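# Summary of the model geometry
Listed below are the residues making up each chain.
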Amino acid sequence: MGNKSSLFLRHEEIAQIQNETGFTPNQIERLYSRFTSLDRNDCGTLSREDLMRIPELAINPLCERIVHSFFAESTDDRVNFRQFMNVLAHFRPLRDNKQSKLNSREEKLKFAFKMYDLDDDGVISRDELLSILHMMVGANISQDQLISIAERTILEADLCCQGKISFEDFCKALERTDVDQKMSIRFLN
C-alpha cells in the first residue's frame, strides 16, 4: 500500500479491509484519500503530529487520548492505513445489523474504557478519572468540584469496592447508554 505514488488500493486490500472493518469499498477509498493527504512525508504511515493536524480532532479536549488510541498496536510510533482503519471502525455505526468485531458494543466500550485507563493497567483510578475530567472541562470547574465528581463516580461505579473502576464496572455503569449512537461517526459513502 503506497501513498501518493500509488493513489489506489488494490481490490484485494479493499476486500480485506472491508472484511475487517465493515466499511464499504467507497468509504475505504475516501478514507484512504484522507489518509494520504495527512501523510505529509509521503511514507505510507502517519505520525502523532499528522493526526493532530486534523482540525476536528485538534479541537477535541480528549485529542491526545484519541490520537494515543491509534498507536496502541504500533511498535514504531507510526500508523499504517490498515491500523488507521481498524481504529476508525470503532466509530462506524451499526446499520442493518452489519456489525464487525471492531464496532460491536463490547469493542466500543473497550475503546472508551482505554481512553480513561491512562496507565493501561486495566482499571480506572481516581487520579486517572480526575485527569480526564481536567482534559474535558479545563478550568471551568474548581478542583474541589472535580475531585467530588471523580470520587462520587468511582463510589457509584465500583461494584467490587476496590476504589477503582474495572472494565466490568464500566460496562455495568453504561448498560443503559446507547453506546452505538454516542460512539458513532457518520462516514460518507
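Residues numbered from 1 in each chain as written. Predicted model: local features only at pLDDT ≥ 70, side-chain atom pairs only at ≥ 80, totals over all residues. Heavy atoms only, no water.

## Let's talk about the UniProt feature "domain: EF-hand" (unreviewed entry) in the chain
Applicable threshold: UniProt positions are given in the numbering used here, feature names are shortened, and annotations may be inferred rather than shown by experiment. Strands here mean DSSP runs of E at least two residues long; helices mean DSSP runs of H or I at least four residues long; both are numbered from the N terminus.
When the UniProt feature table is mapped onto this chain, "domain: EF-hand" (unreviewed entry) is found at residues 26-61, 104-139 and 145-180. With 61% helix and 6% strand, residues 145-180 has its two end C-alpha atoms placed 30 Å apart.

## Some words on the packing of aromatic side chains
For the record, the criterion: Two rings belonging to Phe, Tyr or Trp (six-membered ring only in the last case) form a pair when the distance between their centres is within 6.5 Å. Interplanar angles under 30 degrees mark stacking, angles over 60 mark edge-to-face geometry, and anything in between is tilted. Classification of residues uses two cut-offs on accessible area relative to the type maximum, computed with a 1.4 Å probe and protein chains only: under 20% is buried, over 50% is exposed, and between them is partly exposed.
Going through the model one piece at a time under the given rule, you end up with nine aromatic pairs. Judged by centre distance (5.4 Å) and plane angle (75 degrees), the rings of Phe113 and Phe170 are edge-to-face. Of this pair, Phe113 sits in helix α7 (residues 105-116) while Phe170 sits in helix α10 (residues 167-173), placing them 57 residues apart in sequence. With relative accessibility at 10%, the residue Phe170 sits in the buried group. Ring centres of Tyr116 and Phe170 lie 6.0 Å apart, and the angle between their planes is 55 degrees; this geometry places the pair in the tilted category. Taken together, the residues Tyr116 in helix α7 and Phe170 in helix α10 connect sequence positions 54 residues apart.

## Here's the deal with the pattern of salt bridges
Should their charged atoms come close, side chains of opposite charge can pair. Applied cut-off: We count a salt bridge whenever a side-chain nitrogen from Lys or Arg sits within 4 Å of a carboxyl oxygen from Asp or Glu.
A complete count under the given rule lists twelve salt bridges for this structure. Across the pair Arg10 and Glu12 runs a salt bridge whose closest N-O atoms are separated by 3.1 Å. Overall, the relative accessible area of 48% leaves Glu12 in the partly exposed class. Taking the shortest distance from any N to any O, the salt bridge between Arg82 and Glu20 comes out at 3.0 Å. You can see Arg82 sitting in helix α6 (residues 81-88) and its partner Glu20 sitting in helix α1 (residues 11-21), a full 62 residues away along the chain. Overall, Glu20 belongs to the partly exposed group, its relative accessible area being 32%. Among the charged side chains, a network of salt bridges with common partners joins Arg10, Glu12 and Glu13.

## Re the confidence of the model for the chain
Rules: For every residue, the pLDDT score states the predictor's confidence, bounded by 0 at the bottom and 100 at the top. By definition, residues are in contact when any of their heavy atoms lie within 4.5 Å.
Of all residues in the chain, 93% attain a pLDDT of 70 or more, and the chain-wide mean is 88. Counting interchain partners and residues more than four positions distant, the pLDDT-below-50 stretch residues 1-6 has 17 contacts.

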